[in-house]
Each structure stands twice: as structure tokens, then as C-alpha cells.
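# Understanding the architecture of this molecule
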Amino acid sequence: MRRSELLMPAGNLRKLKMAVLYGADAVYLGTPDMSLRTKSQFSLEEVIEGVAFCHAHGKRAYLTLNLFSHNKDVPKLDEYIETIRRVQPDGLIIADPGVFTYVKKHAPEIPLHISTQANVCSWLSVDFWQDQGAALVVLAREVSYPELAEIREKCPDVKLEAFVHGAMCMTYSGRCLLSNFMAERGANQGNCANSCRWNYQVRMRLKDGTVEDLNITPDNADMFEFLLEEGCRPGELMPIEEDGRGSYIMNSRDLCIMPKLDDYLKIGVDCLKVEGRGKSEYYCAIVARAYRMAIDAYYDDPAGWDPKPYMDELETVGNRGYTLAFHEGRLTNHAHNYEHTAAIAQWEYAGVVVGVEAEGILIEVKNKLEAGDVLEFVSPIARDTVLLRMYEFEEAATGARKEVIHGSTKTVIRVPFALFDHEDTDWLRAQFPEYTVMRKERALTEEQWARIKLDKVVQGIEASGKDRPKAYDRSRDKLVDAIGEGAAERRHKTNRVGVEGCCGRGCNGCLMFWQDPQYEKAREELLTRKQGAQLSRAEAKALKLPVAE
């Protein structure tokens, strides 16, 4: 059986290290001048350091040279090839056939990978690139699973790579000119403005040339219906819904193949690729961790593999709602989010370990921390996470103790090992090294909670293959209603608010759990568990004792 490689994006050196530590088998990276990411934050020295870091950890590093070349780019190629020889990557990702031929001629020792930008959708195209000398071919996102299985069967001697996770542009494989036309930013030069995700509103141009808003209110909404008619389909009218925020007619959900990941693993797709060189370091860590655990679990027990725990992990990362996209073949309306374009999650990045001392951990704060917050330590080593409730925060630089720390200040706090109620210090030090990330629950508006519920319905429909139009319409209508109400109040998923409330799972440091008689039975059970273990939500509910009268 071919064992699949997990390939993670690396937008800067710290993201690269976090992706590797959290389970990536390989990373892809580049410099702004010659790759499709002008926001790449690597200097040449950092690229060299990053590749060396990968090799020191037994991982691979691929460099991107996937721009579509113009004449002005050609003179840079000789210098770039010399740079590649210095860096010594494990492969070079190329889209342009001319660049491919040039590098093959001048640096034949470098393995060449065909970028998704080449739009490879068939075994015939894979066969072509293999004959040209490609070591690996990245398939277009439009390739369905049945097509992928056929390509694997007909092309057994070349490595295949497929996207499994990340944002998708409205043209899927990125051959788009919207950004060029609307913002003068070249999508195929790595500078996309994401025009497809903007909101658009209808305006009326009057006979005198003036432009007026078309103000749609509950009182006049029934008077209007906006329809699109495509030239080759006369009479087939497609409705567009617009509210006060505009319309999102081109807003794709994010790709997530996790519910069907076992399909990819069983046919031996050589490389499973995650999009997101511009995403956060928290994204790099958590997504790498989720797919690493899922892949390893499949190889340990293919018949008993279940995607649910790994989907739960992925839902702690901001997303636009997940979709299987073209996995089954034809794209459906469920792959798009017409009502809400924001990336949201029930959790947010709380901090990252920047040092481990004899008596505690140093954490750089990423988002606002307040007294009573529960930090979830997400280890790059252990499967289980550890929860710690904190009522004050010690600034590492000054020793000052505060009830609130703002994330924008890059403040480093010290978390003493003594705050952990039943974990051994040596165990903590081993499980939470530098670059360990922490997250915390995020309070959401009713609009955001409604979006999350709709996302869940869509995931269920796609994963099961069973359409549920009534459930979809009901969840969508609730989201539309919540958007219309515009309520600003926020709430957490659990009943923890500030220093009040307790989830009952046994968070380290939680005064209520470790002292309140309601949780006596839960405490006894937790103390029998291994280090780092927490009670599940169901166990916490079952073990909670009634309030004494």
C-alpha cells in the first residue's frame, strides 16, 4: 500500500516549524518574486533555514516556482536556479511549461512537480507530464473521486497529489481574471484581491444619469425579484437574493475532504495537500494535527476509521463552512454560501509557547485573555489536550498580575506548572514544548451560531449523500432571520462566562470544579484517569450531582 504524505503550507518560518512539529510530512514554501504568493514572508536565509529544519526532522520541503512567466521573468531564472541549488529542496513546483523545460534543461537533478495551476484533470494530461519528466502531478480541484481513482489506476508510476483542505476560489483551480479586472491585481501572479468574496449590491441608473440605491425593506421586498439568464439557456432564470449587506453569488465554502479521506488513502494518493500559505500559524498547527491523527488512525485500523473526531478538531479553525466540492462529481449549491461570507469558529487562537522554564511555561498572548478564561493546550505530541482555567495572568517581563491581557500587545505571560492540578511537571514539559498552541472558546452572535448550524446541516447532507431540503431550508431561513435581526449580543457554547459557570469536565485550576460539592463524583472519576485526561461533555453531565437545598 502506498502511504500518503501530508503536505502543509508554510507562509513564513514560524508557520513552517509549527506545521512540521504538528505532523506534516512535507511543506511547500516560496519567495515573493517567483511563486504565486506575493505575501510570502520568507527571506532567502529563512528559506535555507526552513529547508534545513525540515531535513533535520526527517521531513521534506518543496519550493514553488509556479508563476505564469512573462518576458521580464525569464532573466531571473538562472539566478533562481542557483538559489535552488543552494537551498537543496526536495522538489520544485512549476505551472508554466516554458519554465518547466528551462529548469529541466539547466538543473536536471531537481525533481519537478506540476502545479495545480496547470489544470490537470485527466490521466492523459498526467501521462503527458510524466513523459516530460515530472516526478509528481498536482491534480486540479475539479477532479472527482471516480476520476482520481481512474487516474491512479492508469498512471501507477508517477506520484499524484490532491488538495484535501482549504479555501477555494470561484474558478477552483485559480485561472481567474476577476481580480485583474476589478482591482488591477493579478490572480495568476499571486496577488489575488479575492473579488469573488466581496459583497455586491444592485444600483439603479436613472434616465438623467444619476445612480440611486435600491433600498429593499420588509415592506417592499415582495415587489422585487432579481434573476440571471445565461445566453445559452433562454428562459432558465436563476434567482439572486439580496439583503441590506448585498449578495454573495460567488462565495465558495472551504474544501474539506476529511469525511471521505479514507477514499484517498485506500487508493494510494501519494500526497494530500492543504491550502493556506496566507493563513495563520494556528491554522497550520491545528489542520496539520487533525490530518496527521486521521491519517495515522486510518493506517492503524482502516475498517474502524471514523472522521468525526478529526472534523471536530477542524471546526476549531475559522472556516467559511466546509464542503466536499467536486468529490462526487457535479458541484451542487451546497458548495456555496450565499448568505454569509465570513470565516468563523467556536474557538480562537489564545497563545503560543515561546519558552519553557524550570517552573513554568512562557506564552505569547494572541487574543484577549480575561479572568475565568479556560485555555486549551493543544500538544504537538499527545492526542489529548489539557484544559487550564486561569483567574489572573502574570506578565513574564514585570511579574505584574492582571485580570485582562490584550492580544495585540504581544505580551508574554508566565504559567506556573503548579497551576495544573494532577499533571506531573516532567510530563507537562515534554508534552508542551516551544510552538505549542493554545485556544479558547469564542463568544459568537446569534447570526454566527445560526451559520454554524447551517454549516453542520450541509456537512451532513454531503457526507451522507442524502438531500434534506426541508432541514436545509429551515437552517438557511434561521440564518437569514438572524442576519436581519442583527443582534450584537454574544454567548459561549458552554456556560462559562468570566469567573462564573463550570463545564464540569475537570479543567485544571477551575475553583468551582475542584471545590464545589456538585462535582465531587466527577472529581473522584477524573483522578482515576491518566495524566492530561478530561471528562467528556456527556460524562460531565452524568456525574454532576444535584444542588443541595
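Our subject in this report is the structure included herewith. Just so we're clear, the structure is a prediction, and the values are computed from it rather than from any experiment.

## Regarding the overall build of the protein chain
- If you tally the helices and strands in the protein chain, you get 16 helices and 26 strands.
- Per-residue burial for the protein chain yields a buried fraction of 52% across its 549 residues.
- Excluding contacts between residues fewer than 6 apart, the proportion of contacts in the protein chain whose partners are at least 24 apart in sequence is 69%.
- For the protein chain, the exposed area adds up to about 25,800 Å²; of that, 51% sits on carbon and sulfur atoms.

## Quick word on a positive patch on the surface
- There is a patch of like positive charges on the surface, built from Lys453, Arg468, Lys470, Arg474 and Lys478.
- Counting residues per element, the positive patch draws most heavily on helix H13 (residues 469-485), which supplies three residues.
- Its location among the elements puts Arg468 in the loop between helix H12 (446-464) and H13.

## What to know about the pairing of strand E19 (residues 386-389)
- Here E19 shows no split at all, with Val386 and Leu388 on one side and Leu387 and Arg389 on the other all buried.
- Relative to E19, strand E18 (residues 374-378) runs antiparallel, the two being bridged by four bridges. By the bridge assignment for E19, Val374 is matched with Arg389.

## As for the environment of Ala397
- Tracing the backbone shows Ala397 in the loop between strand E20 (393-395) and strand E21 (401-402).
- The class for Ala397 is exposed, based on a relative accessible area of 79%.
- Through-space distance from the C-alpha of Ala397 to that of Ile413 is 8.0 Å; in sequence the pair is 16 residues apart.

## Some remarks on the packing of helix H3 (residues 77-87) against helix H4 (residues 97-106)
- Packing of H3 against H4 brings their axes to within 11 Å, and their N-to-C directions diverge by 55°. Classified by the interaxial angle, the pair formed by H3 and H4 is oblique. In the packing of H3 onto H4, the handedness of the crossing is right-handed. Of H4, the residues touching H3 (which contributes Leu77, Asp78, Ile81 and Arg85) are Val99, Tyr102, Val103 and His106.
- Grouping the constituent residues of the contact of H3 with H4 by class yields five nonpolar, one polar and two charged.

## Remarks on helix H2 (residues 44-56)
- In this model, H2 (13 residues) spans 18 Å end to end at C-alpha, consistent with the 18 Å of a helix rising 1.5 Å per residue.
- Every buried residue of H2 is listed here: Val47, Gly50, Val51, Phe53 and Cys54. Buried residues of H2, seen end-on, are gathered within an arc of 155° and therefore sit on one face of the element. Residues Glu45 and Ala56 are exposed on H2 and point more than 90 degrees away from its buried face.
- Summarising the contacts, the buried residues of H2 are in contact with helix H1 (13-21), strand E2 (26-29), strand E3 (60-65) and H3.
- Within two residues after H2, Gly58 carries a phi angle of roughly 75°, on the positive side.

## What to know about the pattern of salt bridges
- Tallying each qualifying case throughout the model produces 41 salt bridges.
- Its salt-bridge partner being Asp73, residue Lys76 comes within 3.9 Å of it at the nearest N-O pair.
- Here Lys76 falls in the partly exposed class, since its relative accessible area comes to 34%.
- Here Asp73 falls in the buried class, since its relative accessible area comes to 2%.
- Through salt bridges with shared partners, one network takes in Glu357, Glu392, Glu394, Arg401 and Arg414.

## Some words on the packing of aromatic side chains
- Counted by the stated rule, this structure contains 11 aromatic pairs.
- Measuring from centroid to centroid gives 5.0 Å for Phe513 and Trp514, while their planes differ by 80°, and the two rings are edge-to-face.
- Aromatic side chains Phe513 and Tyr519 sit 5.7 Å apart centroid to centroid with 35° between the ring planes, which places their arrangement in the tilted category. Neither residue differs from the other here; Phe513 and Tyr519 are each classed as buried.
- A network of ring pairs unites the aromatic residues Phe377, Phe420, Trp427 and Phe432 as a single cluster.
- One cation-aromatic arrangement involves Arg141 over Phe163; the distance from NZ or CZ to the ring centre is 3.7 Å.
- If you follow Arg439 out to its NZ or CZ, it ends over the ring of Trp347, 5.7 Å from the centre.

## Details of the sheet that holds strand E23 (residues 412-416)
- The antiparallel open sheet is built from eight strands, whose spatial order is E19-E18-E24-E15-E16-E23-E20-E21. Strands with a single pairing partner mark the edges of an open sheet, and in this sheet they are E19 and E21.
- Pairing geometry for strand E15 (residues 347-356) and strand E16 (residues 360-365), over five bridges, is antiparallel. Of the residues in E16, the one forming a bridge with Val353 is Ile363.
- Strands in contact with H1 are E15, E16 and strand E24 (437-441); relative to E15, the strand with the most contacts, it is inclined by about 90°.

## Description of the nonpolar core
- Among the nonpolar cores identified, the biggest contains 100 residues, and Val27, Leu92, Met258, Leu261 and Val437 are the most heavily contacted of them.
- Broken down by element, the residue count for this core peaks at 14 residues, all from helix H9 (residues 281-300).
- Here Met258 is in contact with Ala290, Tyr291, Ala294, Trp305, Pro307, Tyr310, Met311 and Leu314, once residues within four sequence places are set aside.
- Core analysis: the next-biggest nonpolar cluster, separate from the first, contains 20 residues, Ile361, Leu369, Phe393 and Met438 among them.

## Digging into the side chain of Arg451
- Checked against the element boundaries, Arg451 lands in helix H12.
- Within polar-contact distance, the side chain of Arg451 engages the side chain of His340 at 3.1 Å.
- From its side chain, Arg451 meets the backbone oxygen of Ala342 in a polar contact 2.8 Å long.
- The contact partners of Arg451, leaving out residues within four places of it in the chain, are Asn319, Arg320, Gly321, Asn337, His340, Ala342, Ile344 and Leu479.

## Points about unusual backbone geometry
- A positive phi angle, close to 60°, is found at Asn119, a residue other than glycine.
- Structurally, the position occupied by Asn119 is in the loop between strand E5 (112-114) and helix H5 (123-132).
- According to the relative accessible area criterion, Asn119 is partly exposed, its value standing at 27%.
- Even without being glycine, Lys410 reaches a positive phi, approximately 55°.
- Topologically, Lys410 is positioned in the loop between strand E22 (404-405) and E23.
- Residue Lys410 is classed as exposed on the basis of its relative accessible area of 65%.

Cut-off values and rules
Residue positions are given per chain, counting from 1 as you read along its sequence in written order. Note on the predicted model: pLDDT of at least 70 is required for a residue's local features to be given, and 80 or more for side-chain atom pairs to be given and counted; whole-chain, interface and lining totals, by contrast, use all residues. Only hydrogens and water are set aside when side-chain values are computed; all heavy atoms of the structure are taken into account. By definition, any uninterrupted DSSP run of H or I lasting at least four residues is a helix, any uninterrupted run of E lasting at least two residues is a strand, and each is numbered from the N terminus. Only protein chains enter the accessibility calculation, which uses a 1.4 Å probe. A residue is then buried if its area is under 20% of the maximum for its type, exposed if over 50%, and partly exposed in between. We call two residues contacting when some pair of their heavy atoms lies within 4.5 Å. Only the protein chains shown count as covering a residue, and every accessible area follows the Shrake-Rupley method with a 1.4 Å probe. Patch construction takes residues with relative accessible area above 30% that form no salt bridge. Like charges are linked within 9 Å, and nonpolar side chains (Val, Leu, Ile, Met, Phe, Trp, Tyr) are linked within 5 Å. For this document, the term salt bridge refers to a Lys or Arg side-chain nitrogen within 4 Å of an Asp or Glu carboxyl oxygen. We score Asp and Glu as negative and Lys and Arg as positive, and we do not count His or the chain ends. Charge positions are represented by NZ for Lys, CZ for Arg, CG for Asp and CD for Glu. If DSSP finds at least two bridges between two strands, the strands pair. Between N-to-C directions, angles span 0 to 180 degrees; the directions come from axes that are lines fitted to C-alpha atoms, helices contributing only their stretch in contact. Should an angle fall under 35 degrees it is called roughly parallel, over 145 degrees roughly antiparallel, and 65 to 115 degrees roughly perpendicular, with every other angle called oblique. Here a crossing is called left-handed whenever its near helix is offset anticlockwise from the far helix by less than a right angle, and right-handed whenever the offset is clockwise. The nonpolar class holds Ala, Val, Leu, Ile, Met, Phe, Trp, Tyr, Cys and Pro. Asp, Glu, Lys and Arg form the charged class, and all remaining residues, Gly among them, are polar. Helices are assigned an expected span. That span is 1.5 Å times one less than the residue count. Working definition: the arc comes from the directions between the helix axis and the C-beta atoms, pointing outward to the latter. Stacked, tilted and edge-to-face are the three classes applied to pairs of Phe, Tyr and Trp rings, where Trp contributes its six-membered ring and a pair requires centres within 6.5 Å; stacked means planes under 30 degrees apart, edge-to-face means over 60, and tilted covers the rest. Placement of a charge over a ring requires the Lys NZ or Arg CZ to be within 6 Å of the ring centre, with the centre-to-atom vector within 35 degrees of the ring normal. To define a nonpolar core, start from buried Ala, Val, Leu, Ile, Met, Phe, Trp, Tyr and Cys residues and group those joined through side-chain atoms within 4.5 Å. Any N or O atom pair separated by 3.5 Å or less is treated as a polar contact, with the protein-specific requirement of one donor-capable and one acceptor-capable atom, and with residues adjacent in sequence counted only for side-chain atom pairs.

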